[in-house]
2 protein chains.
Amino acid sequence: MQHVNLGMIGGGTVGSGVFHAWQKNGGLMAARLGVKINFRKIAVKAFDEPRPYPIARNLMTTDWQEVVNDPEIHVVIELVGGCGIARTMVLASLAQGKTVVTANKALISAHGPELFAAAAKSGANLYFEASVCGGIPIIKSLREGFVANQFPAIYGIVNGTCNYILSRMKAEGADFAAVLADAQKLGYAETPPDLDIDGHDAQHKIGILASLAHGFWADHHAIHTEGIRDVSKIDMQFAEKLGYTIKLLGIAKRISGRKPGVQVSVYPTLIPNTHVLAGVNGVFNACFVRGDIVGDTLFYGRGAGKDATASAVLSDVADAALDLKNGVKVRVAPFVPCNKGGRITSMAEIVSRYYLRLSVVDKPGTLAKIAAIFAAAKIGISSVIQPEGHEGESVPLILMIHDAPNAAMQRALAKIARLPVVKNPPVMFRVENFE
Amino acid sequence: MQHVNLGMIGGGTVGSGVFHAWQKNGGLMAARLGVKINFRKIAVKAFDEPRPYPIARNLMTTDWQEVVNDPEIHVVIELVGGCGIARTMVLASLAQGKTVVTANKALISAHGPELFAAAAKSGANLYFEASVCGGIPIIKSLREGFVANQFPAIYGIVNGTCNYILSRMKAEGADFAAVLADAQKLGYAETPPDLDIDGHDAQHKIGILASLAHGFWADHHAIHTEGIRDVSKIDMQFAEKLGYTIKLLGIAKRISGRKPGVQVSVYPTLIPNTHVLAGVNGVFNACFVRGDIVGDTLFYGRGAGKDATASAVLSDVADAALDLKNGVKVRVAPFVPCNKGGRITSMAEIVSRYYLRLSVVDKPGTLAKIAAIFAAAKIGISSVIQPEGHEGESVPLILMIHDAPNAAMQRALAKIARLPVVKNPPVMFRVENFE
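Reading guide: rules and limits
- Residues numbered from 1 in each chain as written.
- Chains lettered and ligands numbered in written order.
- Predicted model: local features only at pLDDT ≥ 70, side-chain atom pairs only at ≥ 80, totals over all residues.
- Heavy atoms only, no water.
- Pairing = 2+ DSSP bridges.
- Helix = DSSP H or I, 4+ residues; strand = E, 2+ residues; numbered from the N terminus.
- Least-squares fit on C-alpha atoms with pLDDT ≥ 70 in both.
- Contact = heavy atoms within 4.5 Å.
- Domains from an automatic or database assignment.
- Buried area = accessible area lost by both parts, 1.4 Å probe.
- Salt bridge = Lys/Arg side-chain N within 4 Å of Asp/Glu carboxyl O.
- Nonpolar A, V, L, I, M, F, W, Y, C, P; charged D, E, K, R; others polar.
- 1 Å grid on protein atoms, 1.4 Å probe; cavity = no way out; pocket = protein on both sides within 12 Å on 5 of 7 lines; lining within 4 Å.
- Points joined across faces, edges and corners; volume = space filled by probe spheres on them.
- Buried < 20%, exposed > 50% of the residue type's maximum accessible area, 1.4 Å probe, protein only.
- Core = buried A, V, L, I, M, F, W, Y, C linked by side-chain atoms within 4.5 Å.
- Lys, Arg positive; Asp, Glu negative; His and termini not counted.
- Axes fitted to C-alpha atoms, helices over the stretch in contact; angles between N-to-C directions.
- Parallel < 35°, antiparallel > 145°, perpendicular 65-115°, else oblique.
- Left-handed = near helix turned anticlockwise from the far one by under 90°.
- Polar contact = N/O pair within 3.5 Å; in protein donor to acceptor, adjacent residues only side chain to side chain.

## Observations concerning the sheet that holds strand 1 (residues 2-9) of chain B
Residues and elements named next belong to chain B.
- Strand order in this open sheet of 6 strands is 3-2-1-4-5-6, and the pairing throughout is parallel. Both edges of this open sheet fall to strand 3 (60-61) and strand 6 (126-127), since each of them pairs with a single strand only.
- With 2 bridges connecting them, strand 2 (residues 35-43) and strand 3 associate as parallel partners. When the bridges of strand 3 are listed, Ile 42 appears paired with Met 60.

## Quick look at the relation of the copies chain A and chain B
- Between chain A and chain B, which share one sequence, the superposing operator has a rotation angle of 180° and an axial displacement of 0.0 Å; the RMSD is 0.0 Å. The transformation just described matches what one would write down for a two-fold rotation axis. No C-alpha of chain A approaches the rotation axis more nearly than that of A:Phe299, which lies at 2.4 Å.
- Comparing contact sets, 100% of the residues at the interface of chain A also lie at the interface in chain B, consistent with an isologous, same-surface contact.

## A word on the domain arrangement of chain A
Residues and elements named next belong to chain A.
- When its domains are assigned, chain A resolves into domain 1 (2-135 + 306-326), domain 2 (139-302) and domain 3 (351-431).
- Relative to domain 3, the C-alpha centre of domain 2 lies at a distance of 26 Å.
- In this complex, domain 2 contributes 15 residues to the contact, which on the side of domain 3 involves 13 residues.
- Roughly 1200 Å² is buried in total at the junction of domain 2 and domain 3, and carbon and sulfur atoms are behind 69% of that figure.
- Residue Glu 226 is joined to Arg 430 by a salt bridge in which the shortest nitrogen-to-oxygen separation is 3.0 Å.
- By residue class, the composition of the side of domain 2 that touches domain 3 is 9 nonpolar, 3 polar and 3 charged.

## A few points about empty space enclosed by the protein
- Summed over the entire model, instances satisfying the criterion amount to 3 cavities of 30 Å³ or more.
- As a volume, the largest cavity reaches approximately 120 Å³.
- Around the largest cavity, the lining comprises 13 residues; the ones closest to its centre are A:Tyr127, A:Lys140, A:Arg143, A:Glu144 and A:Asp319.
- Of all the secondary-structure elements, those providing two or more residues to the lining of the largest cavity are helix 5 (138-145) and helix 11 (306-326) of chain A.
- Of the residues contributing to the lining of the largest cavity, the split by class is 3 nonpolar, 1 polar and 9 charged.
- Formed jointly, the lining of the largest cavity draws a minimum of three residues from each of two domains, domain 1 (2-135 + 306-326) and domain 2 (139-302) of chain A.
- One number sums up the size of the second largest cavity: a volume of about 90 Å³.
- Lining the second largest cavity are 14 residues, and of these B:Tyr127, B:Arg143, B:Glu144, B:Asp316 and B:Asp319 sit closest to its centre.
- Listing elements by their share of the lining of the second largest cavity, those giving two or more residues are strand 6, helix 5 (138-145) and helix 11 (306-326) of chain B.
- A per-element tally of the lining of the second largest cavity places helix 5 of chain B first, with 4 residues.
- When the residues that make up the lining of the second largest cavity are grouped by side-chain class, the tally is 7 nonpolar, 1 polar and 6 charged.
- Two domains each donate at least three residues to the lining of the second largest cavity, and these are domain 1 (2-134 + 306-326) and domain 2 (139-302) of chain B.

## Examining unusual backbone geometry
All names here are of chain A.
- Omega for the bond connecting Thr 191 with Pro 192 falls within 30 degrees of zero, at 0°, which places this linkage in the cis form.
- Residue placement: Pro 192 occurs in the loop between helix 7 (176-186) and helix 8 (194-197).
- In the Ramachandran plot, Cys 133 falls in the positive-phi region, its phi being about 60° despite a non-glycine side chain.
- Of note, Cys 133 is situated in the loop between strand 6 (126-127) and helix 5.
- A relative accessible area of 1% places Cys 133 in the buried class.

## Observations regarding the nonpolar core
- Grouped together as the largest cluster of nonpolar side chains are 140 residues, with contacts concentrated most on A:Ile138, A:Ile165, B:Ile138 and B:Ile165.
- Residues contacting A:Ile138, with those up to four places away along its chain left out, are A:Glu129, A:Val132, A:Cys133, A:Leu209, A:Cys287, A:Val289 and A:Phe299.

## Let's talk about the side chain of B:Asp316
Residue and element names in this part refer to chain B.
- With respect to the secondary-structure elements, Asp 316 resides in helix 11.
- Buried charge without a salt bridge: Asp 316, with Arg 143 as the nearest opposite-charge side chain at an N-O distance of 6.0 Å.
- Setting aside chain neighbours within four positions, we find Asp 316 in contact with Val 101, Tyr 127, Phe 128, Glu 129 and Ala 130.

## What to know about the packing of helix 3 (residues 85-95) of chain A against helix 4 (residues 105-122) of chain A
Residues and elements named next belong to chain A.
- Contact geometry for helix 3 and helix 4: axes closest at 9 Å, N-to-C directions at 15°. Put simply, helix 3 runs roughly parallel to helix 4. The two elements helix 3 and helix 4 cross, and the hand of that crossing is right-handed. Each of Ala 86, Arg 87, Val 90, Leu 91, Leu 94 and Ala 95 in helix 3 lies in contact with helix 4, whose residues at this interface are Leu 107, His 111, Glu 114, Leu 115, Ala 118, Ala 119 and Ser 122.
- Residue composition of the contact of helix 3 with helix 4, by class: 9 nonpolar, 2 polar and 2 charged.

## Here's the deal with the interface of chain A and chain B
- The interface is formed by 48 residues belonging to chain A together with 48 residues belonging to chain B.
- Interface area for chain A against chain B, summed over the two sides, is near 4300 Å², with a carbon-plus-sulfur share of 60%.
- Sorting the residues of chain A by area buried against chain B places A:Arg32, A:Ile293 and A:Arg331 first, and these three jointly supply 18% of that buried surface.
- The interface formed by chain A and chain B holds 8 salt bridges in total.
- Linking chain A with chain B are 22 residue pairs in polar contact (both at pLDDT 80 or more).
- Of all the secondary-structure elements, those providing two or more residues to the side of chain A that touches chain B are helix 1 (13-33), helix 5, strand 12 (295-302) and helix 11 of chain A.
- Looking at the side of chain A that touches chain B element by element, the count peaks at 11 residues for helix 11 of chain A.

## A short note on the packing of helix 6 (residues 160-172) of chain A against helix 10 (residues 233-241) of chain A
All names here are of chain A.
- Packing of helix 6 against helix 10 leaves a shortest axis separation of 9 Å and a crossing angle of 70°. Taken together, helix 6 and helix 10 sit at an angle that is classed as roughly perpendicular. The way helix 6 lies across helix 10 gives a crossing that is right-handed. On the side of helix 6, the interface is formed by Leu 166, Met 169 and Lys 170, while helix 10 contributes Lys 233, Met 236 and Glu 240.
- Of the residues assigned to the contact of helix 6 with helix 10, the class counts are 3 nonpolar, no polar and 3 charged.

## Let's talk about the pattern of salt bridges
- One pass over the structure, following the stated rule, counts 46 salt bridges over all chains.
- One salt bridge in this structure joins B:Asp319 and A:Arg331, with 2.8 Å as the shortest N-O distance. Of this pair, B:Asp319 sits in helix 11 while A:Arg331 sits in the loop between helix 11 and strand 13 (351-361), each in a different chain. For the pair B:Asp319 and A:Arg331, one class covers both residues: buried.
- The closest approach of N and O atoms between B:Glu49 and B:Arg51, which form a salt bridge, is 3.5 Å.
- Overall, B:Glu49 belongs to the buried group, its relative accessible area being 15%.
- What emerges from the salt-bridge pattern is a single network uniting A:Lys140, A:Glu144, A:Asp319, A:Asp323, A:Arg331, B:Lys140, B:Glu144, B:Asp319, B:Asp323 and B:Arg331.

In C-alpha cells form, the structure reads like this:
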C-alpha cells in the first residue's frame, strides 16, 4: 500500500486531537482510502505543554522548520492559529511544494488570495475544511456536493461561543454579562472574548463561505460585522413575544436588481421560532444553505473543539492523500475565481425588516412623533408593543419595521434618537424571514 | 478546456430536471471544475412523454442502447428506476468501461455487490449520491467528510412521503387514511403507495448508508422493516402527551457486547420532541449522524423531487468529470468492503424502549394481570397512562417500557394479547432517546 507522510505544526488542544483521532482510526482510514497515512513529525511549543491527549515523544520537535523542511513530509497540517507566524509557516510549506491543511479561519480570511497564489505557483494544494463550522463538511458540500448550484442565500450560526451565550440568555432569561462570565469560567468563551462576541470569528467564516459560493474573494474589510454585546435579556424576551429568537447570523445573500452583488455580513438577527435554525442551541453550529437547484438544506454539528476539528482536518488529509496516491496535483482548487465582476453590496443598500426598541417617556404624542419620522422616510411600521407604564416615566417601546433600506433606516433612527422623549440610544436588530 | 460527454437514460421528471439544471448551471460548473460537461444523448420512453422541463429534441433517442454503445459518451446517467431493465442498462454501461451515475436506490440496495464487481472488472466507477436523501450530500459526507470516523449511530428520516403523512397527522390530528388519500391527490404519495409507506424505500436507503458506514454490504433481506400503516391518530396524540413525536426512522446503530454487530432497521419510532429530528417536517429528509470523532451532526434537505435529485446527480457527474480530466480511474470506490466480519444484528437481539397501547376492559385487576406478565419477563414499566373510563368498557392503556430485548418483549406481548381483558391486538412502537 502507498503511504503519505504528515507533518504537523501545533501540538496543543487541536493538534493532540488530530493525533488521537489518527491513532484511533488511522488504520480504518487506510482501509477505506487504499493509502496509508503516517505521522512523521509534530512541532510543538514545548514537549510538556498541557494537552488533552498525549503525543508520541519521538515525533515531537520544538522547531517548526524541521517539519517544513523535511523532504519526506508530503502534507503539513498548520494548527498554530492567527495571522503572524502561521502565515510564514504556510507560505514556507507551500514553497516546498507541500500540500497544506489548516484550520486557521483568520489566516484564510485575511490572506486567502496570497496563499492560493503561493499554492498555485508551486503546484501544491491548500485545504481548510476545519476553518468553518468545525466538523461539519460544509466546504466540501458547497464546492463538491452542490457544485451544480448557485447560492441565493447562506445563513450560518458559525460561532459556538455566541450561540451558547444567546441560547442560555433565552432559556434562562439571563443577562448577557452574567452568561458571558459563566461561559468564560466553563471554557466556552475566551478571555478576552472579543474575537468571538464582537463577531470577528463569524466574519472570517462567512467570508470564506461567501467567497466559495460566489466565486470572488470576499474582502473581510467589506463585511459588515456586529457582535452580540448589545443583545439584552429584555430584547430576547420581546423577540420571544413576537415569535422570534435572536441568533448571531453570518449571512451571504445574493442581491439582484440594478446593481447586483452579494450581501456578506454578520449581525444579531431575529429569526422566526419555527425556522430550523431557531432550534440550533448551545455550542452547536449550523449552516442553512439555499441552492437554486437543491433548494433549502441545513448542516448541523459541533463547530469547534479538538475532536470535531480533528475530523475535518483528517478529511482534508484524506483528500490530499488520494491525490498524492493518484499523482494528481490539484483536484479541487482551494478557490476558483470564476466571478470576475463579483462585489459585496454595501450595508447601506441592504433592505431588511427591523426590530427596534426605544426607551421613551410615556406621555401623549410620543408615538405620533416617532411615527411621523418613519412616515416622512417612507418606512412602514408593521407592529407596535408598548407595555403599560406610568405617565411621565420611561417605558420600552417596541416597533417592528417593514422592509427598508439600511441607509434610510439609519437616518430615521438618528432623528428619533434626537427626540427629547427618547431617553437611551435606540436598540435595533434586523429581522430575517428566509423568504 | 477538456470536456466530458454525458449520456442519460430516462427523460421524464428527474431526467428533465437534470437536463434543466445542466442548461442553467452547466457553464458555472465548467468554470468551477475546469472541465466542460456536454450532453450527447438522452434515451427517453417517447419524444413527447410528459416532462416538467423540455429536453432538446436533437439529443433524444428512444433506443437506450444508442447511449450505452456510443463510444464518445464517457458517463452514463441511469434514471429509469427499479431492478429490471435498469440493471441491464447499468451492467452494459459498466461493461463498456463507462462511469455510471444513478439515482436508483432499489437497484443499489438489491444488486450493489454485483454492480460494484462489474465496475471493478472494467475499471469504471459507479456513483449513487442521489439514491439516498435526494439533494443532501450524505454519501459524500459519510465517505469523504467523515472518513476519519467510525459511526456508532445513524438515524435517518429518509422517506419524504412517510414524513409528510406523519407530519400532517401530528399537526392536524388527522387520521392516516385521510392524509394518505390527500397526499396521493397532491402527488406526495404514489398509487399504490406501498413502496413508501411500508418502509421498503427507507429500507433501501438505510441499507446503503449502513453499508458505507460499516464496511460490509447490508443484505436488504436482513433489514427489519416496518411501515407506518399502524400509526394512528390516537398514538400520535398519546406520544405528544408523553413529549414524543412519531417518525419513520431508518436506523444503523453499532451494537457492542458479546456478539458485536450493527442494527439496521426501519420502523416508526417515538423520538423526544426536543431532538433536532423531531422538527424535520413535511417532505423534508434528514440524517442524524453520530461519528466517534466528529460527534453529533445533522444533514437536512429535500429528499426527492426533480431538482434536488438533479443537484445530486450532477455532483456525481462532476466527480466523474474531474477523475476523467485527471486520468484517474477510480478515486473513491463505490464501496470498500473493509469489515469482513461485519454482520447485521437480528431484531430479536435488539434492546430498546417501547411505547405500548392496549385496548383493555376497564375493571379491577386489569393492570395487575398485565404488570405480572412484564414482571415475570423481567421487563420494567416506566410509566402508565390510563385515561378515565367507565367500568366494563374498553379504554386505551398506554405503557412506556424500559429497555428490553425485542424477543422478550414480543413473547410478553403475545401473552398479553391472549388475556381476555385485552380487546384488540396490542400496538407497539419503539422509543429512541439517542443516548
